[in-house]
Amino acid sequence: MEKPPAATANQPQKDAAPGQKTADAEPKSGVDYHSFANTDDYRVKHLDLDLTADFDNKVLKGEAILDIQRLTQKNPSLILDTRDLDIKAVRAGVGNNLKDVKFSLGKTDPHLGTPLKIELPKGANRVAIQYQTSPDASGVQWLEPQQTAGKKHPFLFTQAQAIHARSFIPLQDSPQVRMTYKATIRTPKELLAVMSANNDPETEKDGVYEFDMPQPIPSYLIALGIGNLEFKPMGERTGVYAEPELLDASAKEFEDTEDMLEVTEENYGPYRWDRYDLLILPPSFPFGGMENPRLSFITPTVIAGDKSLVALIAHELAHSWSGNLVTNASWRDLWLNEGFTTYLTNRIMQFVYGDERYNMEMALGYDDLQADLNDRPDKDEIMAIDMRGRDPDEVFSNIPYEKGSLFLYELEQKVGRENFDKFLMDYFNNFAFQSITTEDFLKYLDETLLKQYPDKLSRERINQWVFEPGIPEGAPHPQSDAFSKIDPVRQQWLDGKIKASDIDTKGWTFHQWKYFLDGMPEKLTEEQLKELDSTFKLTQSKNNEVAFSWLMIAVRNNYAPANARLEEFLVGIGRNKFVRPLYRAMMENGMEDEAKRIFEKAKPGYHPLTVKVNSKVIYGD
Ligand code: BES
Ligand code: ZN
């Protein structure tokens, strides 16, 4: 919790740098090993930003003013997180009486960035930092006009989670610290800026935009997008910001967002963030979506034309409860964000689209989990994962998502759906606007569900879910009738008993295609590949999930007719969920030279995160 929390029960030794914290035998609950900030001494409560977006030089420059709360009688230096920031001046003092103060940058850690140490006058409660970002800021992508849908205007977006807010704002970059913020963003006149704050759908494009986020949020949820954006409402509280070229298609694809919002409120408690809008980004966005409060950031690659990939919207919306309202206290606790959200996503999909869709989404999630359990070391299968000394971007996997969700599904099955829904609603209320640890959650579980249903649940089994690798024996195994029908047909085709054209694929959604393709054996013959492709036109598939599953098969089998599509896909899309597995498969299947050539060609258009993690795949450490 934020203050004074269970999270403070186990604080690191005084003055321990995150590097030294790593010396503990076990990670300590509530310690954020990914921030330099001395959050025991000071807490940032409010941020005032004034930034100019300079597209010519690819820098954000201006001032960040932090209001800080003192937690100690002593007057230690204030330590903030930064990464590649050019700090020009720091002033500090009380209220508006700010004077220049001394500051210094410490030693740079390759994962964590550089601590900024500020000498505070006694009693100071405000710090103003003048700075500018680097053109290579890890949390900012500056796009050339040709990388956008309209090709005429540049675009900028930020992606702060997990530890990249520090690359565009000097602050306490820890999910344990919540702050409100205000911002003034200055842009070229013809562009519109939007933020994870109160966007006014009616605002005039004049190059100066004011924002207010009155609810306290962690730094990883601060977000900014700038581009040739227009707004279209989808419902009373929901709408979409996109380039005009994508606006109508986006609003149509995601028209069920308002329904999703309503069913989630009915079941899990009020939506506390006022509006819920979507920002459609260019395809280089490294994720599917990001739950920036009031304004989820969304990849355009899910606009499939048939709503088949809108679980992504349900997911980012669900974070308005699990994650944005109740927040993981450190990145070890990420499963509290992503596991709960994945569970809620499936439930929302069921409410809005019915049982069959629910079963398929659940079954695909289960298969994703199995795939990750198969190719990961044991220690990375633990939900409360030890992240010390590691780059969160490198550790990213399905485990916190799908194992977390399966765990909650087991709880639901044991205590009954109605009871579990009530538990969740109470949980969100109880911890609203707080950051909590895995242990805080377990304690809450002890006091609620475990007390109520001692014969149905055991702490021992729960500990096994949270602290042991793999999944406990007898865990639920979600299945779908629609998929069970596919298994024998796929087998008959593989056995040569039927032709691909004999398979009744009429009415198959992406889910069935994905299940059909992902269930293929490692190796197929050239004939089989050709037959699949000519019958189902897979290389031409416009559904990016289907195209991805097919391209994975193509790469594993060196199916050359798909190479041009593979290149187009890798150059056109920066979403890591697709890009990384494809490069990895290329490296493992004799396509090293192709992988390098395509990567170098695509690199100028990739997001810094996509460049970082895929450079590792291609060139090693
Ligand atoms: N918050 C995550 C993205 C994230 C997680 C960024 C950890 C950095 C560190 C977002 O909500 C997410 O989970 N996106 C998924 C959605 C999918 C599971 C539906 C994605 O981008 O693929
Ligand atoms: Zn998520």
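Quick caveat, the model's predicted, so the values are computed rather than measured.

Structural notes on the overall build of the protein chain
Right, on to step 1. The helix and strand inventory of the protein chain stands at 21 helices and 21 strands.
Right, on to step 2. For the protein chain, the C-alpha radius of gyration of 24 Å lies close to 25 Å, the compact-globule estimate for 621 residues.
Right, on to step 3. Projected onto the principal axes, the alpha-carbon positions of the protein chain cover approximately 80 × 65 × 50 Å.
Right, on to step 4. A burial count over the protein chain gives 61% of its 621 residues as buried.
Right, on to step 5. Taking as baseline every contact in the protein chain between residues at least 6 positions apart, the subset at least 24 positions apart corresponds to 71%.
Right, on to step 6. Element-wise, carbon and sulfur atoms account for 48% of the exposed surface of the protein chain, whose accessible area totals about 24100 Å².

Digging into the packing of helix α19 (residues 576-588) against helix α21 (residues 608-619)
Right, on to step 1. At a minimum axis distance of 9 Å, the contact between α19 and α21 shows a crossing angle of 15°. In terms of orientation, α19 and α21 fall into the roughly parallel class. Taken as a pair, α19 and α21 cross one another with a handedness that is right-handed. Contacts from Asn-576, Val-579, Arg-580, Tyr-583, Arg-584 and Met-587 of α19 reach α21 at Leu-609, Thr-610, Val-613, Asn-614, Val-617 and Ile-618.
Right, on to step 2. Considered class by class, the residues forming the contact of α19 with α21 number seven nonpolar, three polar and two charged.

Structural notes on the pattern of salt bridges
Close approach of charged atoms allows side chains with opposite charge to pair.
Right, on to step 1. Across all of its chains, the model carries 46 salt bridges by this definition.
Right, on to step 2. The partner of Asp-495 in a salt bridge is Lys-497, with the nearest N and O atoms 3.8 Å apart.
Right, on to step 3. Residue classification places Asp-495 among the partly exposed positions, given a relative accessible area of 43%.
Right, on to step 4. A single network of salt bridges, built from pairs that share partners, joins Lys-252, Glu-255, Asp-256 and Lys-307.

A word on the site of ligand 1
Right, on to step 1. The environment of ligand 1 is formed by 16 residues, the closest being Gln-161, Gly-288, Glu-291, Glu-316 and Tyr-401.
Right, on to step 2. Interatomic distance of 3.2 Å between a backbone N/O atom of Gly-289 and an oxygen atom of ligand 1.
Right, on to step 3. The separation between an oxygen atom of ligand 1 and a polar side-chain atom of His-315 is 3.0 Å.
Right, on to step 4. For ligand 1, whose accessible area on its own is 520 Å², the fraction buried by protein is 86%.
Right, on to step 5. Of all the secondary-structure elements, those providing two or more residues to the shell around ligand 1 are β18 (289-290) and α4 (311-318).
Right, on to step 6. No other element matches α4, which puts three residues into the shell around ligand 1.

What about the coordination of the zinc ion (ligand 2)?
Right, on to step 1. The protein atoms that coordinate the zinc ion (ligand 2) are His-315 (NE2), His-319 (NE2) and Glu-338 (OE), at distances of 2.0 to 2.1 Å.
Right, on to step 2. Look at where the donors of the zinc ion (ligand 2) fall in the sequence and you get H-x3-H-x18-E. Of this pair, His-319 sits in the loop between α4 and β20 (326-328) while Glu-338 is found in helix α5 (residues 334-353), placing the two residues 19 residues apart along the sequence. Of the two residues, His-319 and Glu-338, both sit in the buried class.

Some details on α21
Right, on to step 1. Taking 1.5 Å of rise per residue, 12 residues should cover 16 Å, and α21 covers 16 Å from first to last C-alpha, within 8% of that figure.
Right, on to step 2. For α21, the set of buried residues is Leu-609, Thr-610, Val-613, Asn-614, Ser-615, Val-617 and Ile-618.
Right, on to step 3. Packed against the buried residues of α21 are α7 (392-395), α19 and α20 (592-602).
Right, on to step 4. Looking at the residues trailing α21, positive phi occurs at Gly-620, about 75°.

Comments concerning the sheet that holds strand β14 (residues 224-227)
Right, on to step 1. In spatial order, the strands read β9-β10-β14-β12; together these four strands make up an open sheet with antiparallel pairing. The open sheet terminates on both sides in strands that have one partner only, identified here as β9 (140-143) and β12 (192-195). Along the sheet, successive strands turn relative to each other by an average axial angle of 10°, direction set aside.
Right, on to step 2. Bridge analysis of β12 against β14 gives four bridges, and the strand direction is antiparallel. Each residue of the ladder has a partner; that of Val-194, found in β14, is Gly-225.

Points about the side chain of Glu-243
Right, on to step 1. Examined against the element boundaries, Glu-243 turns out to sit in the loop between β16 (238-242) and α2 (244-253).
Right, on to step 2. Apart from the residues within four sequence positions on either side, Glu-243 is in contact with Thr-148, Ala-149, Gly-150, Phe-155, Asn-228 and Leu-229.

Thoughts on the nonpolar core
As a rule of thumb, nonpolar side chains are buried together in soluble globular proteins.
Right, on to step 1. Formed by 198 residues in total, the largest nonpolar core has its most connected members in Phe-407, Phe-441 and Tyr-583.
Right, on to step 2. For this core, the element with the highest residue contribution is helix α17 (residues 544-556), accounting for nine residues.
Right, on to step 3. Leaving out residues up to four positions away in the same chain, Phe-441 has contacts with Trp-335, Leu-336, Phe-340, Phe-407, Phe-423, Tyr-427 and Ile-436.

Considerations on unusual backbone geometry
Right, on to step 1. Between Gln-161 and Ala-162 the backbone carries a cis peptide bond, its omega angle lying at 0°.
Right, on to step 2. Following the sequence through the fold, Ala-162 ends up in the loop between β10 (155-158) and β11 (178-186).
Right, on to step 3. Non-glycine residue Asn-558 carries a positive phi angle of around 50°.
Right, on to step 4. Mapped onto the fold, Asn-558 is located in the loop between α17 and α18 (563-572).

Observations concerning the domain arrangement of the protein chain
Right, on to step 1. Split by domain assignment, the protein chain resolves into domain 1 (37-140 + 155-213), domain 2 (229-320), domain 3 (330-467) and domain 4 (485-619).
Right, on to step 2. For domain 2 and domain 4, the distance between their C-alpha centres works out to 27 Å.
Right, on to step 3. At the interface, 12 residues of domain 2 touch 15 residues of domain 4.
Right, on to step 4. Carbon and sulfur atoms supply 59% of the area that domain 2 and domain 4 bury against each other, a total of about 1000 Å² over both sides.
Right, on to step 5. Together, Pro-286, Thr-301 and Leu-309 form the three largest contributors to the area buried by domain 2 at its contact with domain 4, with a combined 47%.
Right, on to step 6. Between the two partners, domain 2 and domain 4, sit zero salt bridges.
Right, on to step 7. Looking at the side of domain 2 that touches domain 4 residue by residue, the classes come out as seven nonpolar, five polar and no charged.

What to know about the sheet that holds strand β2 (residues 59-70)
Right, on to step 1. Strand order in the open sheet formed by seven strands is β5-β4-β8-β2-β1-β11-β13, and the pairing between neighbours is mixed. Each edge of the open sheet is held by one strand with a lone partner, namely β5 (97-100) and β13 (208-218). Strand-to-strand twist of the sheet, defined as the mean angle between neighbouring strand axes without regard to direction, takes the value 20°.
Right, on to step 2. Bridging between strand β4 (residues 86-94) and strand β8 (residues 126-132) involves seven bridges; their strand directions are antiparallel. Bridge pairing in β8 places Asp-86 opposite Gln-132.

What counts as what
- Residues numbered from 1 in each chain as written.
- Chains lettered and ligands numbered in written order.
- Predicted model: local features only at pLDDT ≥ 70, side-chain atom pairs only at ≥ 80, totals over all residues.
- Heavy atoms only, no water.
- Helix = DSSP H or I, 4+ residues; strand = E, 2+ residues; numbered from the N terminus.
- Rg over C-alpha atoms; globule rule 2.2 N^0.38 Å.
- Buried < 20%, exposed > 50% of the residue type's maximum accessible area, 1.4 Å probe, protein only.
- Contact = heavy atoms within 4.5 Å.
- Areas by Shrake-Rupley, 256 points an atom, 1.4 Å probe, with all protein chains shown as cover.
- Axes fitted to C-alpha atoms, helices over the stretch in contact; angles between N-to-C directions.
- Parallel < 35°, antiparallel > 145°, perpendicular 65-115°, else oblique.
- Left-handed = near helix turned anticlockwise from the far one by under 90°.
- Nonpolar A, V, L, I, M, F, W, Y, C, P; charged D, E, K, R; others polar.
- Salt bridge = Lys/Arg side-chain N within 4 Å of Asp/Glu carboxyl O.
- Near = heavy atom within 4 Å.
- Polar contact = N/O pair within 3.5 Å; in protein donor to acceptor, adjacent residues only side chain to side chain.
- Donors = N, O, S within 2.8 Å, 3.2 Å for Na, K, Ca; no water.
- Expected span 1.5 Å × (residues − 1).
- Pairing = 2+ DSSP bridges.
- Core = buried A, V, L, I, M, F, W, Y, C linked by side-chain atoms within 4.5 Å.
- Domains from an automatic or database assignment.
- Buried area = accessible area lost by both parts, 1.4 Å probe.

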